[in-house]
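Chain by chain, the residues run as shown.
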Amino acid sequence: MRVLERLDQIYDIGATRAGYSAEEDAAHELAADWMREAGLEPSADEAGNLIGRRGVARIWTGSHLDSVPNAGKYDGALGVVTGIEAASRLPEADLAVVAFRAEETGPMGSRRLGELPEAFVEVHVEQGPVLERLGEPLGIVTAVSGQARGAVTFEGRAAHAGTTPIEDRTDALVEAAKFVLRVREYARDGVLATVGALEVEPGAANVVPERVTVSVDARALTAKRLDEVIEAIGFEPSWRQDPVAMSGPPLEALRAVLPGAPELVSGAGHDAMVLAAAGVSTAMLFVRSLNGGASHSPDEFSSPEDIALAVDALTEVLAGL
Ligand SMILES: [Zn+2]
């Protein structure tokens, strides 16, 4: 299947394709060639997003080609190659396929779009175990969780690790460690909360830590719950995105094409979230992630059969729009 060959070709560039890197550029060049083959006219906007248009392209599909370090083959790339495949099956349709820049670090590209489409449909791997557990190949995303990110800094006093008695220390890392355990307590009832990064200063094995900065990532299904968890943890978000609902003709079209398909809320942010928040009628189609939902890892896997179903469904949805 051409879609699988293309996923391999993108992965061959590198399992690490950071936003705005040479590897992401190379993936965009490949996609631009495939767009031309599909009868789309590729061009880059100011943010570097690659948009392949045909006609008056008010309906868009696509995803991103950048990746996390040492990523899997499907996250992002699947949405671009299935979009191009669907476009090639609809040679008469006015539409566009987009490869957004730097989704994994932002998303950056989709936030800097110069123009907005009327409707957007994104195919993406689920990146979780729900569809695999349900035994369902495809799922319809109805909303994306709200997210807030920030950092908390703990101040202590640097001291010699060999000469300063324990009771005389103000150890910033010990306080930060207690905080990490507390954050974990808030991760329940649809809320997730994570400390994923620590910065320890001065960061030497023989010095009591003077300053520690910890990251906080909190997610919730409603804006109210997100407010509550931010307040409870006690951090100032440097970035926040309220939950966004998928809606309008793209969602209705997905439901019509896939009657009885399971409906899910995405805990991960996506370009679709950015477009929906900007007021674009947006829908997302999740493809089952096998291997227990492994994602952001080389173990990420979706079967050729499931991917074929996704291409069929996307083609039908785009044709209907
Ligand atoms: Zn992604």
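As the structure is a computational prediction, the values presented were derived from the model and not from experiment.

Asker: Please clarify how the coordination of the zinc ion should be interpreted in this entry.
Answerer: For a metal with four donors in a tetrahedral arrangement, the ideal angle between donors is 109.5 degrees, while six donors in an octahedron ideally sit at 90 or 180 degrees. Surrounding the zinc ion are the protein donor atoms H64 (NE2), D75 (OD) and H124 (NE2), which sit 2.0 to 2.1 Å from the metal. We note that the donor set of the zinc ion lies within a single chain, spaced as H-x10-D-x48-H. Separated by 60 residues along the polypeptide, H64 in strand β3 (residues 59-64) and H124 in strand β5 (residues 119-125) bring together distant segments of the chain. Residue H124 is classed as buried on the basis of its relative accessible area, which comes to 1%.

Asker: Help me understand the packing of helix α1 (residues 2-13) against helix α9 (residues 304-320) in this model?
Answerer: The description of two packed helices rests on the angle between their axes and on the distance between the axes. Put simply, α1 and α9 touch, their axes get as near as 10 Å, and they point 110° apart. With respect to α9, the axis of α1 lies roughly perpendicular. Here V3, L4 and L7 of α1 lie close against α9, whose contacting residues are P304, I307 and V311. Partitioned by chemical class, the residues of the contact of α1 with α9 number six nonpolar, no polar and no charged.

Asker: It is not clear to me how the pattern of salt bridges should be interpreted in this structure. Could you clarify?
Answerer: Close approach of charged atoms allows side chains with opposite charge to pair. Using the criterion set out here, one finds 20 salt bridges in the structure. Here E263 makes a salt bridge to R255, at a shortest N to O gap of 2.6 Å. Sharing partners across several salt bridges, the network here consists of E24, D25 and R101.

Asker: In this structure, what is going on with unusual backbone geometry? I would like to understand it.
Answerer: Outside of glycine, negative phi angles account for most residues, and trans bonds account for most peptide bonds. Between E201 and P202 the backbone carries a cis peptide bond, its omega angle lying at 0°. With respect to the element layout, P202 can be found in the loop between β10 (198-201) and β11 (207-208). The phi angle at N70 is positive, at roughly 50°, despite the residue not being glycine. Turning to its location among the elements, N70 is positioned in the loop between β3 and α3 (77-89).

Asker: Got a minute to help me understand the domain arrangement of the protein in this structure?
Answerer: Interfaces are often sized by the accessible area lost when the parts come together. The domain boundaries assigned to the protein delineate domain 1 (2-145 + 243-320) and domain 2 (146-240). Relative placement of domain 1 and domain 2: their C-alpha centres are 34 Å apart. Facing the 10 residues of domain 1 at the interface are nine residues of domain 2. Taking both sides of the interface into account, the surface hidden between domain 1 and domain 2 amounts to around 620 Å²; carbon and sulfur atoms contribute 54%.

Calculation notes
- Residues numbered from 1 in each chain as written.
- Predicted model: local features only at pLDDT ≥ 70, side-chain atom pairs only at ≥ 80, totals over all residues.
- Heavy atoms only, no water.
- Donors = N, O, S within 2.8 Å, 3.2 Å for Na, K, Ca; no water.
- Helix = DSSP H or I, 4+ residues; strand = E, 2+ residues; numbered from the N terminus.
- Buried < 20%, exposed > 50% of the residue type's maximum accessible area, 1.4 Å probe, protein only.
- Axes fitted to C-alpha atoms, helices over the stretch in contact; angles between N-to-C directions.
- Parallel < 35°, antiparallel > 145°, perpendicular 65-115°, else oblique.
- Contact = heavy atoms within 4.5 Å.
- Nonpolar A, V, L, I, M, F, W, Y, C, P; charged D, E, K, R; others polar.
- Salt bridge = Lys/Arg side-chain N within 4 Å of Asp/Glu carboxyl O.
- Domains from an automatic or database assignment.
- Buried area = accessible area lost by both parts, 1.4 Å probe.

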